[in-house]
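Each chain is listed here by its residues.
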Amino acid sequence: MTSTLPATATSTVPAQRPSAPEGVSAPFTGLRSRGSRADLILCAGLLVAILLVQGWNIAAYPTLSDDEGTYLAQAWAVQQGKGLAHYTYWYDHPPLGWIQIALLTWVPAHLSPSLMTVGPMRSTMLVVSAVSAVLLYVLARRLSLPRWAAGLAMVLFGLSPLSIVLQREIFLDNIAVTWTLLAFCLAASPSRHLWHHFGAGLAAAAAVLTKETMLVVLPALFVTMWRHSHRDTRKFALTGAVTACVLIGTAYPLFALLKGELLPGGGHVSLWEGITYQMSRPGSGFVLERGTGSYGVLHSWLYYDRILPVGGLAGALLLLVTFRWSVTARALAGPALTVAILALVALRPNGYLPAMYVIQALPFLALVLAGGTASVAHAVLRRRRTEQERAYVTRGRRGLAAALVLAAGAYVVPRWYDGDRTAVTADANAPYRAASAWLRTEVEDPEDTRVLVDDALWLDLVHDGYRPGLGAIWFYKADLDPAVTKTMSRGWRDLDYVVASPTVRRDAADLPNVRAAIGHSTPVATFGSGEDRIEIRRIDAGHTTTARSGGSR
Amino acid sequence: MAAFTLWWQMHAWRTPEVLASTRFASPDGGGGLSFSLLLPARHEQAVLDHTIRRLLESSHTDFEIIVIVGHDDPETAEVARSAEARDPRVRVVVDHHERKNKPKAMNTALSHCRGDVVGVFDAEDQVHPELLAHVDQAFRTTGADVVQGGVQLINFHSSWYSLRNCLEYFFWFRSRLHLHAQKGFIPLGGNTVFVRTDVLREAEGWDPACLAEDCDLGVRLSSVGKKVVVAYDSDMVTKEETPGSLMSLLKQRTRWNQGFLQVYRKRDWKQLPTMGQRLLARYTLMTPYLQAVSGVIIPLDVAVALFLDVPVGIAFVTFLPAVTALVTFVFELVGLHDFGKQYGLRVRTVHYLKLVAGGPFYQVLLAGAAVRAVWREQRGHDDWELTSHVGAHLTEATREDVAA
């Protein structure tokens, strides 16, 4: 007999197993988290709390981001059947992300088209957050964390002020995180089913096609799958997963190939150029060097919350160091490795570090922090404990644990309370709403008006009757998209307004047409004050009439 | 459709528990059943003696070997008689049918069987000495009416098609048959199959007119709810060799396909109780034809997507079958690796390359056999094909003996 499994020791040849449900085998049913009532109640309770805090005031805080506008506008273009973007799709990111946003926002946008603007549509991100939070809980249980630690991971992930700020925003990264968590959950499937691992490969591919940066997480996923597969079926499970991932991933270049846009050529965009652009983005400096862009990004994260990023990193370190002795550390090898990889990538000497980079690390930071806590709890309460342990030692252990819990609570709760209170009360988007209202009511014939506007406000203008694309113009397209610049033969003179939001003012330095438009205009309305103000600037009189004839083609 | 095949092909590896359950359980030592082992032999004097000797080495205590020879085949009969003289457990039965085939021969012997269980082997089979004890155990512990053991072609290095042929057997016996047993619809294999004698007599033996009498028997038994258990152990499979030439492989495959078609048309499977089982039966018996069609359609699809000017969406859809085919390909490569590991055979890089390169050609072969089978069945050429197959055995008998 070549058998190495305990199952063969039973004296039957169970080729026929009518009673066992498909894919579930009795010895492992106990590990399944969905079976337990306590799990269900805990998970549901935490989910409600997370959704309340994340959902309350979601449209008004944080400040609308340009990227949110970009993705939502492209999702809108998908819904309208205008292709993958209302400007030429140039392979900046794989399109799966905003195709999913288009699906998510389909129903509300159908009920009331004017809802399809960044603020209101943020609420659809609650669905994404909710699924991610539940998957994180399931994953924690599947990685054999105790129930309380799984709940802790969910809380850390869902209620950290940093998470709340980032998960509220319509970022592709949030959707990619959901897919990644699904992939990890399937990889850690307790039944070790071949098709679960295959599904993990599919989910991983979906994650990468949603946000390409997820590529770096794949090795950690592979490790997780390796650890959770059985020796006898491993080669099939892992090859299946890799094949699934690669095949689905290939769909993207295949798509480019079918459109004839795989390689650069005259007169069209190409996947190749898109990739080289992303790879050659100017670095933002070393993350630990004062004054660099990356340093600023890191501190913007730490401004919202230090506990999750710093604690998570510490947790990952602890788990990686204690890998040889700690069961928890071995169980959490995959997530700890994910955190390590993401940290190393962030530490590149002169890499490009976008603000949303930390999003993909959040669930894993939460998981390893919870795992580290579980490890410490185990060490305090159980390590070297014997049956005959004296009562005072046991009391000492419990006392120490209670003291640690109190200390942690005293440190975390006030900080998070402040952060979360801001998130549910502050209104950061009043200037945007006011600017949108002004453009809706004060401009007489929006159809014939050409406005440079940042992506976050663009959909507002489209709903107000401005022509999408050449009437309401993403400001940087006025310099970068040949399809737009050719309608602006006289440069800034062919425009009517510039909505100078902080983003527009910042990027104008590198965009001559936008800079000229700002230079040759005067503010007609200003909302907010200081750096964050939004100015609506009319292009100087004397040119507008001619501009209009030029613009209306 | 390719997705279904893939799903089923990978059945045994779904979870470690499923994989473990596909193996024989260890015998507990207590023997119980007696076996009658049928060994139809025709112009197989070169290998028959070796096979009988191996069978006699079996560790089981209670069995008889019934060698079935034709009245017109004195060479084989002589080998059989000498074995009969040597060992009382060997008996010879002579088949007097004018037109000979395997089911007729076995039906002839069925009335001579004295054991509780009838087992079937081919004259060139390499049978493991522990097999009978394990089968006995399987019968007693599961209450099965039929036990199907594994059969494995082993000479994967002989040629590009034998490589694929071996792998087909590997996936079929290692994995797919178990699924059939679980679902309660199973086309049995031609040998290493064991049936309780009373069940077999009740079913009136094998269908002498059917080209795939083994498949037919399985379908008839499972259709009336008999319990079939499949067990596979790489140590204990019956080892065989691929047909000696591409032409004989084509003929063998044509015969099987035609047999499947006959079984399909006999409609015994219609008695299966559930809709799912009937669908599985319909699908399984039709597989050769679907295979033939898909072999042609997939390359066509890819060509359409790449070279014709079709919308991107449609082009994507046309790629879907190619995707499942690719996944199958990859699993075949892993299967080949596993096959090498299980049998302690050295699989070299060149074999993997051959497997990939041979894929399309093997599809053509399968498609050819399918078309040929349909054509013959339409023309009512079933008799001719039978004699032709028996003739093919002549060439089989002359090929080299299987290494022990």
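Residues numbered from 1 in each chain as written. Chains lettered and ligands numbered in written order. Predicted model: local features only at pLDDT ≥ 70, side-chain atom pairs only at ≥ 80, totals over all residues.

Attention now moves to the overall build of chain B. What chain B contains, in helices and strands, is 14 helices and 9 strands. Dimensions along the principal axes, computed over C-alpha positions, put chain B at roughly 75 × 45 × 45 Å. Taking the contacts inside chain B whose residues are at least 6 apart along the sequence as the reference set, 81% of them involve residues at least 24 apart. (Helix = DSSP H or I, 4+ residues; strand = E, 2+ residues; numbered from the N terminus. Contact = placed C-beta atoms within 7 Å.)

Residue and element names in this part refer to chain B. Pairing is mixed across the open sheet formed by 7 strands, whose spatial order is β3-β2-β1-β4-β7-β5-β8. Edge positions in the open sheet fall to β3 (90–95) and β8 (228–230), since each of these has one partner strand only. The mean inter-strand angle of the sheet, taken between neighbouring strand axes irrespective of direction, is 20°. Summarising the sheet, strand β4 (residues 117–120) and strand β7 (residues 193–196) pair through 4 bridges and their orientation is antiparallel. Paired with G119 across the two strands is F194, which belongs to β7. Here helix α3 (residues 45–56) sits on the sheet in contact with β1 (35–40), β2 (63–70) and β3, set at roughly 165° to β2. (Pairing = 2+ DSSP bridges. Axes fitted to C-alpha atoms, helices over the stretch in contact; angles between N-to-C directions.)

Here we take up the pairing of β1(B). Residue and element names in this part refer to chain B. The buried fraction of β1 amounts to 6 of the 6 residues, a majority that puts the element mostly inside the structure. Alternating positions in β1 separate into two faces, F35, L37 and L39 on one and S36, L38 and P40 on the other, with burial throughout. Where β1 lies against β2, 6 bridges are found, and the strand directions are parallel. Bridge pairing in β2 links L37 to I65. One ladder, built from 4 bridges, connects β1 with β4; its direction is parallel. Looking at β4, one finds that S36 is bridged to V118. (Buried ≥ 20, exposed ≤ 12 C-beta atoms within 10 Å, placed from the backbone.)

Counting 162 residues, the largest nonpolar core has L136(A), A153(A) and V499(A) as its most contacted members. Built from parts of two domains, this core gets at least three residues from each of domain 1 (33–58 + 124–382 + 393–424) and domain 2 (430–552) of chain A. In contact with V499(A), not counting residues within four places along its chain, are A435(A), V451(A), L452(A), V453(A), D454(A), L457(A), V504(A), I534(A) and I536(A). Counting residues in hydrophobic clusters, the runner-up holds 92 residues, among them L39(B), I65(B), V90(B) and L132(B). (Core = buried A, V, L, I, M, F, W, Y, C linked by C-beta atoms within 7 Å. Domains from an automatic or database assignment.)

With that settled, the discussion passes to the UniProt feature "domain: ArnT-like N-terminal" (unreviewed entry) in chain A. Mapped onto this numbering, the UniProt entry annotates "domain: ArnT-like N-terminal" (unreviewed entry) at residues 116–249 of chain A. Span residues 116–249 of chain A is 77% helix and 0% strand, its end C-alpha atoms 30 Å apart. (UniProt positions renumbered as here; feature names shortened; annotations may be inferred.)

All names here are of chain A. Here we have 5 strands laid out as an open sheet, ordered β2-β1-β3-β5-β4, and mixed in their pairing. Sheet topology places β2 (472–474) and β4 (521–527) at the edges, where each strand pairs with a single neighbour. Strand-to-strand twist of the sheet, defined as the mean angle between neighbouring strand axes without regard to direction, takes the value 25°. When strand β3 (residues 497–500) meets strand β5 (residues 534–539), the two strands line up antiparallel, connected through 4 bridges. By the bridge assignment, A500 is partnered in β5 with E535. Contacts from helix α21 (residues 430–441) reach β3, β4 and β5 within the one sheet, and its direction differs from that of β5 by about 30°. Together, β1 (451–453), β2 and β3 form the strand contacts of helix α22 (residues 455–463), whose direction differs from that of β2 by roughly 165°.

Next up on the list: helix α2 (residues 37–55) of chain A. Residue and element names in this part refer to chain A. Taking 1.5 Å per residue, 19 residues should reach 27 Å; α2 reaches 26 Å between its end C-alpha atoms and fits that length. Among all positions of α2, only C43, L46, I50, V53 and Q54 are buried. Along α2, the residues classed as buried sweep out an arc of 95° about the axis, all on the same side. When the buried face of α2 is taken as reference, the exposed residues oriented beyond 90 degrees from it are R37, L40, I41, A44, G45, V48 and L52. Considering only its buried residues, α2 is in contact with α7 (125–142), α8 (147–159), α9 (161–168) and α20 (391–425). Following α2 by one or two positions, N57 has its phi on the positive side, about 70°. (Expected span 1.5 Å × (residues − 1). Arc of directions from axis to C-beta.)

The assigned domain composition of chain A is domain 1 (33–58 + 124–382 + 393–424) and domain 2 (430–552). Once you take the C-alpha centre of each, domain 1 of chain A and domain 2 of chain A turn out to be 39 Å apart.

Moving on to the pairing of β3(B). Residue and element names in this part refer to chain B. The sheet contact formed by β2 and β3 spans 6 bridges and is parallel. Bridging from a neighbouring strand, G70 pairs with D95 of β3. What joins β2 to β3 is helix α4 (residues 74–86), and the crossover it makes is right-handed. (Right-handed = clockwise from strand over helix to strand, strands pointing away.)

In an α-helix, one turn spans 3.6 residues, which is why side chains three or four residues apart end up on the same side. Residue and element names in this part refer to chain A. For helix α3 (residues 66–79), spanning 14 residues, the distance from its first C-alpha to its last is 20 Å, which sits close to the expected 20 Å at 1.5 Å a residue. The element α3 is largely enclosed, with a buried count of 13 among its 14 residues. Following α3 by one or two positions, G81 has its phi on the positive side, about 70°.

Here the focus is the packing of α9(A) against α20(A). Residue and element names in this part refer to chain A. One way to put it is that α9 packs onto α20 with a least axis distance of 8 Å and a crossing angle of 25°. One way to sum up the angle between α9 and α20 is to call them roughly parallel. Residues P161, I164 and V165 of α9 form the contact with α20, whose participating residues are W416, G419, D420 and A423. Here the contact of α9 with α20 is composed, by residue class, of 5 nonpolar, 1 polar and 1 charged. (Parallel < 35°, antiparallel > 145°, perpendicular 65-115°, else oblique. Nonpolar A, V, L, I, M, F, W, Y, C, P; charged D, E, K, R; others polar.)

On to the environment of V310(A), then. In this fold, V310(A) is placed in helix α16 (residues 307–321). Residues V310(A) and G371(A), 61 residues apart in the sequence, show an inter-C-alpha distance of 14 Å.

Moving on to unusual backbone geometry. All names here are of chain A. Note the cis peptide between Y61 and P62, where omega equals -5°. For P62, the location among the structural elements is in the loop between α2 and α3. Unusually for a residue other than glycine, Y91 sits at a positive phi of about 60°. Of the residues examined, Y91 has 24 C-beta atoms within 10 Å and is grouped as buried.

Moving on: the packing of helix α10 (residues 246–266) of chain B against helix α13 (residues 349–379) of chain B. Residue and element names in this part refer to chain B. Between α10 and α13, the shortest axis-to-axis distance is 8 Å and the interhelical angle comes to 55°. Classified by the interaxial angle, the pair formed by α10 and α13 is oblique. In the crossing of α10 with α13, the sense of the turn from one axis to the other is right-handed. On α13, the residues touching L250, R253, T254, N257, Q258 and L261 of α10 are L365, L366, G368, A369, A370, R372, A373, R376 and E377. Grouping the amino acids of the contact of α10 with α13 by side-chain chemistry returns 7 nonpolar, 4 polar and 4 charged. (Left-handed = near helix turned anticlockwise from the far one by under 90°.)

Moving on, we get to the confidence of the model for chain A. Segments scoring low in pLDDT should not have their predicted coordinates read at a detailed level. Residue and element names in this part refer to chain A. Looking at chain A, the pLDDT average stands at 86 and 91% of residues meet or exceed 70. Every residue in residues 1–34 scores below 50 in pLDDT, and together they form 66 contacts with partners more than four places removed in sequence or on other chains. Segment residues 543–553: pLDDT under 50, and 18 contacts once partners within four positions in sequence are set aside and those in other chains are kept. (pLDDT = per-residue confidence, 0-100.)

Moving on to the confidence of the model for chain B. Residue and element names in this part refer to chain B. For chain B, the mean per-residue pLDDT works out to 82, and 91% of the residues sit at or above 70. Confidence drops under a pLDDT of 50 for residues 384–404, and excluding neighbours within four residues, the segment shows 35 contacts in the predicted structure. Complex prediction metrics read pTM 0.83 and ipTM 0.76.

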